Each structure stands twice: as C-alpha cells, then as structure tokens.
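Residue strings, one per chain:
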Amino acid sequence: MSDRFTAIHMKEQPAEDRRKNFSEVPCGYTEEEAILEANRCLQCKNAPCIEGCPVAIDIRSFIGHLQKREFDKAINKIYEADILPCVTGRVCPQESQCQARCVLDKKGDAVSIGSLERYVADRDLDRRREALKDAPVDVSGKTKVAVIGSGPAGIACAADLNRYGYDVTIFEAFHKAGGVLTYGIPEFRLPKAIVDVEINSLVQTGVKLVPNALTGRSFTIDELMAEDYKAVFVGSGAGLPQFMNIPGENLNNVYSANEFLTRVNLMKAHRYPEYDTPVKHGKNCAVIGGGNVALDVARTAIRLGSEKVYLIYRRSQEEMPARHEEIRHALEEGMELLALTNPVAYHGDESGFLEKIECVKMELGEPDDSGRRRPIVKEGSNFFIEADVCVVSVGSTPNPLIAMTTPLLETTKWGTIKVDDNGMTTMPGVFAGGDIVTGAATVITAMGAGRTAAASMHEYIKKL
Amino acid sequence: MYKIIEKYSLAPQIEFARIKAPMISKKAEPGQFLIVVACEKSERIPLTIADFDREEGSVSIVFQKMGKGTHKIADFKAGESFHAVLGPQGNPTEIEGEKNIVVIGGGIGVAPVYPIARKFHENGVHVTSIIGYRGKDFLFWDDKLAAVSNEMKITTNDGSVGHKGFVTDVLQQMIDNKEPIDRVIAIGPPIMMKAVADVTRPHGIATTVSLNSLMVCGMGMCGACRVTVGGEVKFTCMDGPEFDAHKVDFAELMQRLGMYKDLEKDAHDEYKGDSNE
Ligand SMILES: Cc1cc2nc3c(=O)[nH]c(=O)nc-3n(C[C@H](O)[C@H](O)[C@H](O)COP(=O)(O)OP(=O)(O)OC[C@H]3O[C@@H](n4cnc5c(N)ncnc54)[C@H](O)[C@@H]3O)c2cc1C
Ligand SMILES: Cc1cc2nc3c(=O)[nH]c(=O)nc-3n(C[C@H](O)[C@H](O)[C@H](O)COP(=O)(O)OP(=O)(O)OC[C@H]3O[C@@H](n4cnc5c(N)ncnc54)[C@H](O)[C@@H]3O)c2cc1C
Ligand code: FES
C-alpha cells in the first residue's frame, strides 16, 4: 500500500502484450490513484520542483488543487505555463527536471509529477474535443504574423500570438502538422489522437494552417515580410539526420532514425499495405545510438516484428542520454543492449543489402567536455553482428534551407539560428526558437521558447 | 486541396495531369520537382515539374505507371483533388554561359527535359534534343520539344521512328563529327544516364543528370534519397536532383532503387487486383 515515500505507479501494459501493439504503455491513473499520489505531495513552501521545470509550471498549486479534487483549477494552473500538458506529461524527462528536485526524492520516490500532469490534462481532453465542434473563430482584419513549422515551438508561439489578437498563419513543410510530435515520437509513447486535438484546437481558435509549404523554396522569409506579415517566427526544428560516414552506410536497409520513424509515424508503414508506404524491420534489427530517438526506433522495430533488436551504444548504460523509463521499457520488451560497442563498417550481400555490421569494443577513458567518460576503441576487438536492418540514430542538426535562403539570418557554427534574449534573430521582425536555436533538445524547452518569442513579437509589433 | 484541371494518357502507361497549385507555380523553375500524395494513405511520390503556368496557377506532371503509387495517381480524374502536393523542390537548372547544349530525354525523361530545353532556347542557346523511345506508339511531346529545339533527333529501340538504337549512338555521332557541345543534360532511366556519362567522360564534356532516387520526405529530413557523388554523400532532394554525371555512383543508385522491389510487387498486384474487381 501507499506510504509517503512510495509512489503510485501507473499501470502499464505487460511487456509481452505491448511488444505486439502500438498502444500506449502506461495506462493512466484512475481518479483514486491520482488523488492518493497527489496526497503524497508535502506542498513545500519553497517548492523546489518549480525551479526544476523549464517553464516553471506552478506545480505546488496544481497538485494542491488536485488534493482537493478541484480538477478545473488544477488544469488551469498548468495551462498558465504549459499549453501542451497532455504531451509534456508523457514525454518530459521529469526524473531529471521537476521530480529530481522533489524533497521526497531524497528519502524515497519523488512525487510522480509527470503522471499527475498527464492525469489532469487527459481529464480535460473531452471538454476540449467538445469545443472543437464550434465554428473556427474569425480573425480577419487583424494584424498578420507568420509561424514557420508546426512542432511544439510553432504550436506554442501560434497559440499565444492568437491570444494576443493576431491573424496567425502556420506554414508547415509536411502534409501533416505537429513536427516531431507527429513524425518522430511513436504512437505508443504519444498517441497521435492527442496531437490532433492540439492542432485542431489551434485551428478552431482561428490560427490558419498551410501544409506543404517549404519555406525557402515555396517562398522566402523576405517574401513573407513583403506580403504584410509584420513578424515571423521560425520554429523549423533540427531535422537533418546525421550519419557516421563509415563504409557501407548507403547499403540497402540502412536507415536514418528520421526515415524509419517517419515511415511509421507519419506514413503509417506499420499498417502497410492498408497504407502504401513500406518499411523494413528485418529479422535482426540493429539500432545505433543511446538517446530517446534510438530507443523509440528500437521499440518500434520490436513492435513491427523484428526477432532480435540490438541497441549498439559506444558508452555504458549509465551514460545513455535516454530517459530511464524508456530504457527500462525497452529492456522489458526484449531489446538487447550492446554497450561499449561502436560500428566501424557495414557489409552487404551481392545485391547491396545489409548482412552484418562490423563493430569494435570500447572502453571508457577520462571525462570529456560533456563530463561523461570518453569512449576509446579497444584495438583489435573487431567483431560482427548479424543484422539485416540497421537504423542510425546518432543525432540530428538544423536543416540549412531557411538560413541559406534568408541572407540576413546569422547562424552559429553548428547551424543553429542566432537569437537575442527576446528570441529575435539578426533580422528585424524575425524571431526563432526551439530546436532550430538550441539544437536537438526537448519538447518543453521548445514550447517555452515559442512562448517567449510570441511575447517579444507582440512587443515588437506594438512599437512598429 | 490540389485540384486536377486536366488529365489524360500520353502514351501506353504514360499519363499527364495539370494541377491547380498557385503557390507552387509562382516559384516553379525547370529542373525542380514536386512531392505528390494522392490520398491520405498514399506514399509521397516525387515527380518532376513537366510544365507550369503562372497565370493559370497550375503545374503539370507527366508520369509513368510503375507500381501502386503511380497507378493510384493515374486513377484520379479531372475535377478530383490530390491530398497534398509539395514544391517546387530541388535546385533549378542553371544556364552557365553555354552556347550549345544537348538535352537528352529517355522515355519518361522526355517530359522533364522539355522545360529545360525551353529555358535554354528562350535564352538564345542553341539546343539539340535527342530523345529516345521504345517505339512509335510510345512517342509523346516530341512536337513540344521540337518547338523549343534548333535540332531534334529521335531514336527508337525498334527503329519504327528515327534512328534505330539508343540516344547514346546519336550523341557519339555528334561527338565524332566534332559538333560543338558545351554541356549535355540527360534525364531518363539510370542506365541511360550512366551510358551518357560514359560517352561524354573521355571527351571532358560537362554532363548533368537528374537523379530519381527513392524519397520519403523530399525535404532533407530523412536521407532516403542519399547518393554518392564524387565520393561524398548527398541528399538528392536538397543538393540535387541535378548532379555532375561524371561523379555519380550509378551502381549504388541502381542498387538503392531496388530496396523495396519485393514489397512493391506485392503492393502493385494487390492494388490492381482490387481495382479489377
Ligand atoms: C524520435 C524522437 C523522440 C523524442 N523524444 C523526446 C522526449 O521523450 N521528450 C522530449 O522532451 N523531447 C523529445 N524529443 C525532442 C523533441 O521532440 C524536440 O526537441 C521538439 O520537438 C523540438 O520542437 P520544435 O518545434 O523546435 O521542432 P520540431 O518538432 O522538429 O518541428 C519543426 C517543424 O518545422 C517543419 N519545418 C522544417 N523546415 C521547414 C521549412 N523550411 N518550412 C516549413 N516548415 C519546416 C518540420 O517539418 C516540423 O514539422 C524527441 C525527438 C525525436 C526525434
Ligand atoms: C526527383 C525525382 C523526379 C522524378 N520525376 C519523375 C517524373 O517526372 N515522371 C515519372 O514517371 N517518374 C519520376 N520519378 C520517379 C518516380 O518517383 C517513381 O517512378 C515512383 O516513385 C514509383 O512509385 P510507384 O509506387 O508507382 O512504384 P514502386 O512500387 O515504388 O516501384 C515500382 C517499380 O519501379 C521501380 N522504381 C521505384 N522508384 C523508382 C524511381 N525513383 N526510379 C526508377 N524506378 C523506380 C521499382 O524498383 C520497382 O521496380 C522521379 C523521381 C525523382 C526522385
Ligand atoms: S527524401 Fe528525405 S532527405 Fe531526401
């Protein structure tokens, strides 16, 4: 039973079942579970958890309301700081943010802030779905502003600009909105029905969404400004996949994580042939990397039906940047972790299909810039892993298209767009935020950046 | 929505469609392509912009029915709409001071070559077009291309029209005759583009090809379209689709085009099976 120091964990689909489906793994709290968990919160005066939250949600107050079953007050408290709580409640790395600061964490389990957030937010979904039936709000005649990209940064920026009273248009390159929430994070971690509610809610409040609009080709930012958009927000993410430039990387069935996940999440290849886009998962699927992306790929491959799924990671499990919960889930589902291992070449058959991956063993040396111990190759330790599909998940960087086609935008040597404290770029009236500014980061920081920029854009336009 | 204004067959298995897409037509240039998503469940299919009309706000595609994806597009009728069309994507063909240009189109490649030839022609460049078809019944757009070419040569595999043989025979002849050629632009099946590259390489004639890699996103975020050019990995959708033919690893390109052969056949058989019921 529950005591002050033991968390109520959400019920989860058993590993044996969930290996075979794309439904969500944690099933959500019942009301009683949520209240019991909320009651563990000490309501500390200084609420250190809030400092751990990148957007400073008033965690103490929302849990306080929950303790009194004031569900509407609880959700409205969250909305003050976080407009995507259904999403962040599921995907935020709470264990290294709010929950890491929880006083209870020192003596036992931290309060499950993320799970409570999800509970409160999910409770509000029905009301929001109902509201979608109203006709879209008419914003004609208001000052026009543009948002490029419909990921969390763009969604948050558009929502706030809409509230400030602008005629907002989001230009999205894909045929479906949502950014990584739609094409990257799998259904079993973030149901697409939730992302749809977020997008549809925006449209219902009067935000215009233009899909299939690739800024830099379909039009340039300079052209948007000339067309009477008073300010532009760039939230185009960090979507350019990185490869390792090792021999054989272009063999058939060697994918980037972005391609593999896009085929499944956006194009629904897991429902092939009902949907037309295919994907190969292979009998033995190897995934290179140790972050959230790599784990999403591995767990997707398991669900698609690979018999063996290996995660090849060059450091040890301790250094893996992925969320702990995801690592635990993946191991439960049967993923094999090959830590301290690095690929050096891919070998294929005579038709150019991947057959095996040549790897080396690694050991950990002195700490590097990131503070983690540097992996060093053990000479002569080469060995082969049989794999017919491999997914390279070693990170992504900003796509250069927008910077290339906007002469006044300055970028850093990493290709990220330079902004000042208010989120304004080196081009007047053009703001940026999210992964395009920070490099690949998190949903909550992208959302926060979108909101900061919206406030700055409002100030900027008022002064025009 | 992307409404189909007009749609008809040009030749066996070859279809034409003109699509309402004002935002795209405004920017479209020869050499660029579109991503077409026929309906919600369809693949993202890359197709070259075969023509554009900025006044009407339309772009045209010419495509060959290959597998399920292109058959699905072909089954759309005028008045219906595609789910999504992205573009114009890819780098436009640039005129680099050439005086004499040879454009080569093989089969379906005749369509993308047309706006390129027109652009050079309009800019006063001497255009020689060499176009190859399987036979007489497969001819299309030879008249359109003739109107924007100073010289025009047709080849067919069976000799039913023009020269019997390949486009490379005619190109070789021009080279042997020492006709001035500043650049060759060739679009067609990979094997044809490779053959053209092999003909021009020993003579150091600049040669450009437009690659037809597999694609998913068509906007530089997935890497499905990667090709090796001059020993470096490039993304066809962002860095191309046009590349220096003498540097392209055609063997790898052809290998990668075969990645889904098994699945494609099943999908196609099933789709055509359905629609025949
Ligand atoms: C597989 C995966 C798993 C992840 N898991 C987590 C997690 O568990 N928790 C977490 O906090 N974070 C996670 N992240 C990171 C998080 O998703 C990102 O940090 C966040 O989505 C960044 O938001 P954004 O709005 O800046 O960009 P994105 O979400 O990348 O959205 C950018 C949008 O802009 C569009 N775009 C790009 N270029 C153009 C253009 N030229 N014109 C028009 N539109 C354009 C793109 O198509 C895209 O829709 C994960 C990322 C991935 C890939
Ligand atoms: C930049 C670009 C421009 C293109 N322009 C045109 C165009 O203007 N007109 C046109 O007809 N096609 C064009 N293509 C090729 C076209 O995209 C493919 O034919 C199409 O994707 C096939 O899809 P499918 O589902 O019908 O066939 P699939 O089921 O995918 O394939 C059926 C058969 O075609 C082969 N195939 C698949 N993709 C290609 C490809 N890209 N090239 C050659 N063979 C392939 C397969 O190996 C298989 O044997 C272009 C491709 C690119 C990348
Ligand atoms: S098709 Fe996705 S990167 Fe080129």
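Scroll up to find the structure this text is about.
What comes next is a walk through the structure.

Analysis parameters
Residues numbered from 1 in each chain as written. Chains lettered and ligands numbered in written order. Predicted model: local features only at pLDDT ≥ 70, side-chain atom pairs only at ≥ 80, totals over all residues. Heavy atoms only, no water. Helix = DSSP H or I, 4+ residues; strand = E, 2+ residues; numbered from the N terminus. Rg over C-alpha atoms; globule rule 2.2 N^0.38 Å. Contact = heavy atoms within 4.5 Å. Areas by Shrake-Rupley, 256 points an atom, 1.4 Å probe, with all protein chains shown as cover. Lys, Arg positive; Asp, Glu negative; His and termini not counted. Charge placed at Lys NZ, Arg CZ, Asp CG, Glu CD. Axes fitted to C-alpha atoms, helices over the stretch in contact; angles between N-to-C directions. Parallel < 35°, antiparallel > 145°, perpendicular 65-115°, else oblique. Nonpolar A, V, L, I, M, F, W, Y, C, P; charged D, E, K, R; others polar. Buried area = accessible area lost by both parts, 1.4 Å probe. Salt bridge = Lys/Arg side-chain N within 4 Å of Asp/Glu carboxyl O. Polar contact = N/O pair within 3.5 Å; in protein donor to acceptor, adjacent residues only side chain to side chain. Near = heavy atom within 4 Å. Buried < 20%, exposed > 50% of the residue type's maximum accessible area, 1.4 Å probe, protein only.

### Details of the overall build of chain B
Part 1: Secondary structure summary: chain B contains nine helices and 17 strands in total.
Part 2: A globule of 277 residues ought to have a C-alpha radius of gyration of about 19 Å, and chain B, at 18 Å, matches this closely.
Part 3: Seen along its three principal axes, the alpha-carbon backbone of chain B occupies a region of about 55 × 40 × 40 Å.
Part 4: Within chain B, contacts between residues separated by at least 24 positions form 65% of all contacts whose residues are at least 6 apart in sequence.
Part 5: When the accessible surface of chain B is split by element, carbon and sulfur atoms take 50% of a total near 11,100 Å².
Part 6: Seen as two clouds, the 32 positive and the 38 negative side-chain charges of chain B have centres 2 Å apart.

### What about unusual backbone geometry?
Residue and element names in this part refer to chain B.
Part 1: That bond from Gly87 to Pro88 is cis: its omega, -5°, falls within 30 degrees of zero.
Part 2: When you line up the elements, Pro88 lands in strand β8 (residues 84–89).
Part 3: Backbone torsion omega between Gly240 and Pro241 reads 5°, so that peptide bond is classified as cis.
Part 4: As for its placement among the helices and strands, Pro241 is situated in the loop between α7 (236–239) and β17 (242–244).

### Focus on the environment of Gly124(B)
Part 1: Tracing the sequence through the fold places Gly124(B) in the loop between α3 (110–122) and β10 (126–133).
Part 2: In the structure, Gly124(B) is positioned 112 residues away from Thr236(B) in sequence and 29 Å away in space, judged by C-alpha atoms.

### Some remarks on the packing of helix α4 (residues 59–67) of chain A against helix α5 (residues 71–81) of chain A
All names here are of chain A.
Part 1: Running from amino to carboxyl end, α4 crosses α5 at an angle of 170°, the nearest separation of the two axes being 8 Å. Put simply, α4 runs roughly antiparallel to α5. Touching Ser61, Phe62, His65 and Leu66 of α4 are Phe71, Lys73, Ala74, Lys77 and Ile78, all from α5.
Part 2: A breakdown of the residues in the contact of α4 with α5 according to their chemical character gives five nonpolar, two polar and two charged.

### Let's talk about the interface of chain B and chain A
Part 1: Across the boundary between the two partners, chain B contributes 46 residues, which contact 47 residues of chain A.
Part 2: Together, the buried faces of chain B and chain A total about 3,900 Å²; carbon and sulfur atoms form 53% of this surface.
Part 3: The closest approach of N and O atoms between Lys27(B) and Glu223(A), which form a salt bridge, is 2.9 Å.
Part 4: Linking chain B with chain A are 24 residue pairs in polar contact (both at pLDDT 80 or more).
Part 5: By residue number, the principal contributor to the side of chain B that touches chain A is β8(B), which donates six residues.
Part 6: Partitioned by chemical class, the residues of the side of chain B that touches chain A number 21 nonpolar, twelve polar and 13 charged.

### Let's talk about the site of ligand 2
Residues and elements named next belong to chain B.
Part 1: Near ligand 2, the surroundings consist of 23 residues, among which Pro46, Thr48, Gln64, Thr70 and Asn212 are the closest.
Part 2: The side chain of Thr48 places a nitrogen or oxygen atom 2.8 Å from a nitrogen atom of ligand 2.
Part 3: A distance of 3.0 Å separates a nitrogen atom of ligand 2 from a polar backbone atom of Val62.
Part 4: Residue contributions to the shell around ligand 2 peak at four residues, all from strand β4 (residues 45–48).

### Side note on the site of ligand 1
Part 1: Looking at ligand 1, there are 34 residues lining it, with Val91(A), Ala153(A), Glu172(A), Arg189(A) and Asp435(A) nearest.
Part 2: In this structure, ligand 1 sits where chains A and B come together, each supplying nearby residues.
Part 3: Note that an oxygen atom of ligand 1 is positioned 3.0 Å from one of the backbone N or O atoms of Val180(A).
Part 4: Take Asp435(A): an N or O atom from its main chain is 2.8 Å from an oxygen atom of ligand 1.
Part 5: Look at ligand 1: alone it shows 1,000 Å² of surface, and the protein chains cover 94% of it.
Part 6: Mapped onto the shell around ligand 1, the elements with two or more residues apiece are α10 (152–164), α15 (292–304) and α19 (443–462) of chain A.

### Considerations on the pattern of salt bridges
Residue and element names in this part refer to chain A.
Part 1: Scanning all chains against the criterion turns up 55 salt bridges over all chains.
Part 2: Taking the shortest distance from any N to any O, the salt bridge between Asp122 and Arg90 comes out at 2.8 Å. Of this pair, Asp122 sits in helix α8 (residues 113–123) while Arg90 sits in helix α6 (residues 85–91), placing them 32 residues apart in sequence.
Part 3: With relative accessibility at 23%, the residue Asp122 sits in the partly exposed group.
Part 4: Residue Glu336 is joined to Lys308 by a salt bridge in which the shortest nitrogen-to-oxygen separation is 3.0 Å. Here Glu336, found in strand β9 (residues 336–338), pairs with Lys308, found in strand β8 (residues 308–312); they are 28 residues apart in sequence, far enough to count as distant.
Part 5: Glu336 gets classed as partly exposed once you look at its relative accessible area, which sits at 32%.

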